[in-house]
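# Working through the structure, step by step
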Amino acid sequence: MIHYRKWSTAAAFLLLAVLIVFPLLLIFYTAIERDGHIDLAAPLEIIAGSHLASVLFHSLWLGVLVILVTTILALPLAWIMARSPLGRQRWLDVVLLIPFMTPPYIGSMGWMLFMQKNGYMEQLLPSAAVWTPAFFSLGGMVMIMSLHLFPFLYLILRNTLLQISGSMEEAGAVHGGSPGYRFRRIILPLLLSSYAMGVLLIFVKTIAEFGTPATFGRRIGYSVMTSEIHKYISSWPIDFGKATALASLLLSACLVMWYIQSILSSRYSYRLTGGKGSRKKGYTLTGWKGLLSGLYIALLLLVSIGIPYFSVITASLLKLRGAGIEAGNWTFKHYTELLQPGSDSLEALLNSFTLSLAASTIAVIIGTFLALKVSRGQRASQKWIDLFSLMPNTVPGIVIVVGLILFWNSPWMPVPLYNSYGMVVLTYVILFLPYTVQYVKANYGQIDSVLLQAGAMAGGRPLYVFRRILLPLLIPGIIAGWMMTFTISNRELVASLLILPPSMQTSATYIFAQFEQGAVSMGMAMAVVSVGITTILLLILNVLPSARGGQQV
Amino acid sequence: MKWNKTWKKASLLAITAVMGTTLAGCGTTGSSVSQAANGKAENSGKLVVYSAGPEGLAKKIEEGFEAKTGIQVEMFQGTTGKILSRMEAEKANPVVDVVVLASLPSMQSMAKDGLTLPYADAPNSDKLVKDWSDPNGNYFSYSASALGIVYNTSQVKTPPTSWADLAKAEWKDKVNIPDPSLSGSALDFITGYLSAKGDSGWSLFEQYQQNGVAMAGANQEALDPVITGAKDVVAAGVDYMAYKAKADGEPVDIVYPAEGTVISPRPAAIIKTTQHEQQAKQFIDYLLSDDAQKLVTGAYLLPGRTDIQAENRTNLADIPAYPVKWDWMNEHGEEVATRFTGLYQ
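Thresholds applied
- Residues numbered from 1 in each chain as written.
- Chains lettered and ligands numbered in written order.
- Predicted model: local features only at pLDDT ≥ 70, side-chain atom pairs only at ≥ 80, totals over all residues.
- Heavy atoms only, no water.
- Domains from an automatic or database assignment.
- Contact = heavy atoms within 4.5 Å.
- Buried area = accessible area lost by both parts, 1.4 Å probe.
- UniProt positions renumbered as here; feature names shortened; annotations may be inferred.
- Helix = DSSP H or I, 4+ residues; strand = E, 2+ residues; numbered from the N terminus.
- Buried < 20%, exposed > 50% of the residue type's maximum accessible area, 1.4 Å probe, protein only.
- Core = buried A, V, L, I, M, F, W, Y, C linked by side-chain atoms within 4.5 Å.
- Expected span 1.5 Å × (residues − 1).
- Pairing = 2+ DSSP bridges.
- Salt bridge = Lys/Arg side-chain N within 4 Å of Asp/Glu carboxyl O.
- 1 Å grid on protein atoms, 1.4 Å probe; cavity = no way out; pocket = protein on both sides within 12 Å on 5 of 7 lines; lining within 4 Å.
- Points joined across faces, edges and corners; volume = space filled by probe spheres on them.
- Nonpolar A, V, L, I, M, F, W, Y, C, P; charged D, E, K, R; others polar.
- Axes fitted to C-alpha atoms, helices over the stretch in contact; angles between N-to-C directions.
- Parallel < 35°, antiparallel > 145°, perpendicular 65-115°, else oblique.
- Left-handed = near helix turned anticlockwise from the far one by under 90°.
- pLDDT = per-residue confidence, 0-100.

### Here's the deal with the domain arrangement of chain B
Residues and elements named next belong to chain B. Each assigned domain of chain B is listed here: domain 1 (47-144 + 264-317) and domain 2 (146-262 + 334-343). Using only C-alpha atoms to locate each centre, domain 1 and domain 2 end up separated by 25 Å. At the interface, 18 residues of domain 1 touch 15 residues of domain 2. Taking both sides of the interface into account, the surface hidden between domain 1 and domain 2 amounts to around 1200 Å²; carbon and sulfur atoms contribute 58%.

### What about the UniProt feature "binding site: Fe cation" (unreviewed entry) in chain B?
Residues and elements named next belong to chain B. Following the UniProt record, one finds the feature "binding site: Fe cation" (unreviewed entry) at Tyr240. Assignment of secondary structure puts tyrosine 240 in helix 8 (residues 239-248). Owing to a relative accessible area of 5%, tyrosine 240 belongs among the buried residues under this scheme.

### A closer look at the nonpolar core
In this structure, Leu24(A), Leu370(A) and Val399(A) are the most contacted members of the largest nonpolar core, which totals 179 residues. Beyond its immediate stretch of four places on either side in the chain, Leu24(A) contacts Leu251(A), Met391(A), Val395(A), Val399(A) and Ile400(A). Val129(B), Val234(B), Tyr240(B) and Ile254(B) belong to the second-largest nonpolar core, a separate cluster that totals 80 residues.

### Details of helix 18 (residues 397-408) of chain A
Residue and element names in this part refer to chain A. Here helix 18 spans 16 Å end to end across 12 residues, near enough to the 16 Å set by a 1.5 Å rise per residue. Burial runs high along helix 18: 11 of the 12 residues are buried. The set of residues buried in helix 18 consists of Ile398, Val399, Ile400, Val401, Val402, Gly403, Leu404, Ile405, Leu406, Phe407 and Trp408.

### With respect to the pairing of strand 10 (residues 263-271) of chain B
Looking down a regular strand, the side chains alternate between one sheet face and the other. Residue and element names in this part refer to chain B. Among the nine residues that make up strand 10, nine are buried, leaving the element largely enclosed by the rest of the structure. Burial along strand 10 is two-sided: Ile263, Pro265, Pro267, Ala269 and Ile271 facing one way and Ser264, Arg266, Ala268 and Ile270 facing the other are all buried. Here strand 3 (residues 98-100) runs beside strand 10; their pairing, made up of three bridges, is antiparallel. Following the sheet pairing, valine 100 is matched in strand 10 by alanine 268.

### A closer look at unusual backbone geometry
Residue and element names in this part refer to chain B. Look at alanine 236: it is not a glycine, yet its phi comes out positive at around 60°. Not every positive phi belongs to a glycine, and tyrosine 300 is a case in point at roughly 65°. By secondary structure assignment, the location of tyrosine 300 is in the loop between helix 10 (290-298) and strand 11 (302-303). For tyrosine 300, a relative accessible area of 17% corresponds to the buried category.

### A look at helix 16 (residues 344-374) of chain A
All names here are of chain A. Here helix 16 spans 43 Å end to end across 31 residues, near enough to the 45 Å set by a 1.5 Å rise per residue. Burial runs high along helix 16: 23 of the 31 residues are buried. Remark: serine 375 follows helix 16 within two positions and exhibits a positive phi of approximately 40°.

### Concerning the environment of Leu463(A)
Tracing the backbone shows Leu463(A) in helix 21 (residues 462-491). Using a relative accessible area of 51% as the deciding quantity, one classes Leu463(A) as exposed.

### Observations regarding the pairing of strand 5 (residues 140-152) of chain B
All names here are of chain B. Strand 5 sits mainly inside the fold: 13 of its 13 residues count as buried. Relative to strand 10, strand 5 is paired through six bridges, and the arrangement is antiparallel. Note on strand 10: the bridge partner recorded for serine 145 is serine 264. Where strand 5 lies against strand 11, two bridges are found, and the strand directions are antiparallel. By the bridge assignment, serine 143 is partnered in strand 11 with proline 303. Pairing geometry for strand 5 and strand 8 (residues 233-238), over four bridges, is antiparallel. Bridge assignment links leucine 147 to a residue of strand 8, and that residue is valine 238.

### Concerning the side chain of Ser356(A)
Residue and element names in this part refer to chain A. Considering the arrangement of structural elements, one finds serine 356 in helix 16. Judged by its relative accessible area of 0%, serine 356 falls in the buried class. Once you skip the residues sitting within four places of it in the chain, serine 356 turns out to touch Phe486, Ser489 and Asn490.

### Here's the deal with the interface of chain B and chain A
Residue-level contacts link 62 residues of chain B with 64 residues of chain A. Summing the contributions of chain B and of chain A, the shared interface buries around 5800 Å²; its carbon and sulfur component is 62%. Our count for the contact surface shared by chain B and chain A stands at four salt bridges. In this structure, Asp224(B) and Arg321(A) form a salt bridge, with 2.7 Å as the shortest nitrogen-oxygen distance.

### Things to note about empty space enclosed by the protein
All names here are of chain A. Applying the stated criterion across every chain, the model contains nine cavities of 30 Å³ or more. If you add up the space inside the largest cavity, you get close to 790 Å³. Mapped onto the lining of the largest cavity, the elements with two or more residues apiece are helix 5 (98-101), helix 6 (104-115), helix 8 (138-163), helix 10 (179-208), helix 17 (380-394), helix 18, helix 19 (421-445) and helix 21. Residues belonging to the lining of the largest cavity are distributed by class as follows: 20 nonpolar, seven polar and four charged.

### Let's talk about the packing of helix 17 of chain A against helix 19 of chain A
Residues and elements named next belong to chain A. Remark: helix 17 packs on helix 19, axes separated minimally by 6 Å, with the N-to-C direction vectors making an angle of 125°. With respect to helix 19, the element helix 17 is oriented oblique. The crossing of helix 17 and helix 19 is left-handed. Residues Asp386, Ser389, Leu390, Pro392 and Asn393 of helix 17 pack against Ile430, Leu431, Pro434, Val437, Gln438 and Lys441 of helix 19.

### A look at the environment of Ile260(A)
Residue and element names in this part refer to chain A. Among the secondary structure elements, isoleucine 260 is positioned in helix 13 (residues 240-267). Looking at isoleucine 260, the relative accessible area reads 36%, which means it is partly exposed. Here the alpha-carbon distance between isoleucine 260 and proline 416, two residues 156 residues apart in the chain, equals 39 Å.

### Considerations on the confidence of the model for chain B
Residue and element names in this part refer to chain B. Mean pLDDT over chain B works out to 85, with 87% of the residues at or above the 70 mark. Confidence, read as mean pLDDT per element, is least for helix 1 (residues 2-43) in chain B (42) and greatest for strand 3 (96). Note that pLDDT drops below 50 for residues 10-43; the model gives that stretch 40 contacts with residues more than four away or on any other chain. Across the interface, the model reports ipTM at 0.72; the global pTM reads 0.83.

### Concerning the packing of helix 3 (residues 52-83) of chain A against helix 14 (residues 287-317) of chain A
Residues and elements named next belong to chain A. Taken N-terminus to C-terminus, the directions of helix 3 and helix 14 make an angle of 135°; their axes are 10 Å apart at the nearest point. Here helix 3 is positioned oblique relative to helix 14, judged by the angle of their axes. The handedness of the crossing between helix 3 and helix 14 comes out as left-handed. For the pair helix 3 and helix 14, the contacting residues are Ile72, Leu73, Pro76, Leu77, Ile80 and Met81 in the first and Ser293, Tyr296, Ile297 and Leu300 in the second. Taken together, the residues of the contact of helix 3 with helix 14 sort by class into nine nonpolar, one polar and no charged.

So, in structure tokens, the structure goes:
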């Protein structure tokens, strides 16, 4: 039996090494290798010797600002949802996820169409012309990115608030603590660790984001590391040296953040849920406070969902973009053109679905295997597997893609995967592997081993126990991972832009290309169709009870 | 506890086995797909073409060529910058057979580096505009566009008439210019202007920058805000896009400054590493044929052949052009692009 464990551990390591670790190491190697010898300072020299230092600063500054704004947006929301009757509205939870599930390049484009000179805002409200130009600034970019990311922080904070059971505060009260003291000494410390982890992840997600910098950032001339990396490997004159130097720096920044986060979570996490039932409490928001809360949420939904989707849908329906919003300028032409049999657009849509189908299926199989290998993660080997398999969640997508290109397109690579369908599937699998690993791991953690022991005691052989007891119990986690991978890879942009073989498009690259080609209406029609379909899938996912717990990941 | 371990091992074994076979399965399908792609490319004559837009035209050419010859085309469409960088990225394992760019100097430097395969006796090549194609048959400019000032007709009543106009205060923050690192024609305009004006030409672009001219992606990205009215003017806008938008009913029009402009030929070439020389030559033949030239004029581009005139746009003879130095443009392209994008960053 020991034999099998060793064998499967070795398999897991080999898999992770080939899929994730080697490609990433190759970035570092390419960044520091110069004419055959190693120069550790090379990336720093490249960055210091160009305008790239300002790009680095741009990224970090953006991360800080987005942390500030997401906090301002998410903290009151979490408080309201945890402490007021509004929190019982299940549909709100689903709706509040929409901004996070909206691909940033589409959201940004929607904002740009809305706010630009003679945009939809000015067409509806001509007096707004005075202040719309102010939106095209760093402030606007921070706002767009924060409106995309705040649900993430909100979920973390709300879940923590919900877990702080009333009995803790009661215990504080019994020992004579005043309400202010209880808030300061009980709620705040418990909230702070989750908050710290949340904002670190927000920071990493911000500096790793590509869609908004590529659309809005380009318009305002604010270049960040991801957009520069993309530029250096996809536009002329190409410069892999600068690209890998930047990528290795971005990778290092994210790994540092990741390290800080793992220390925080191991040192400052508290067991908030015990086996016993807990009562919520503290106080609730009612009366005028309740009303204010409702207004706040309505306003937030209007800004984070209403405006971008208004633009997306309007743009997809306009006959002439130069004529703007007016009677008679509406048409469904772009949709019929989009869905015409044999058209490039329909092919792109189908490509997206088949690619994600293949990728999510393979990712679920590998992910489940890895999650079971990690299991409860006490042994060192398990910790390493855990670390590596979750890495794609921490490392910016564009960095992984650079690594994969370097790895699979190198002259010594015997497998001709680059420039093929398989390469795209492989990239999606790697990028979204963490979803399955996390869902299945969470699912697995909830299964009491007593059940399996019982199965064995009743005479079931290991394989039987696995098939009849463990697997059925893991199914919800596996399905959740599958659907999440499917949805996300369906909308994936940056990897698709860089590794799709010639003559192949996905819905995301189609949309991006339409923005570039000026056929914005077609792009937006595609956005409505593809986001619409995957959102319906996500709603189904949300109905599955098991998936809810893992949603904050 | 012991049982616990046992089942765990068993389950892992089972998963491993499942995964192993699936992975193996996917490995074979994965590689067979790519091998099939390569195999087809080698045997049944699949041609890989990297083509700079316009998208509609590239598609029609692909369809027309496939219908005429029965050769399957795999096409990657992108801007000149994207195509050049894709070729650079694939230097180790080149797959492309024919390249169509929107910039002559870039093609000239490829030919100079020996990356192209000469096809001196291509039919109809003698009818091409002489300055735009290589006498040895390394590349053929099957079409061209001219750069002009594209403006929004509902916002601009008196269009600018010279390049210098756009540096005036009345155009502050109202002008876009395409990014020369993405747009081959924009690069042609900038290098062409500089080659005609000498180093003093930079002062125009410096004045533009001071006047709030925004560098906005490739050609369509620069034009799009002008269509919607977010900006008023594109400097160095490609004409065929303006004609196309105008024909669609969008409120745009184009002027060519009387002092002169740059015409940007769109050359095609066979790449030396091609495994499909015969098919690639047939593709060039097709580009120079009457059929394809008709498609070219249909897309509001200037035809590459002198014996064909366009009816839906200004023809070559009526466009005032600067005496540009293609050699200088070819030599200084990268340097100019870097300096220009640096200026506008």
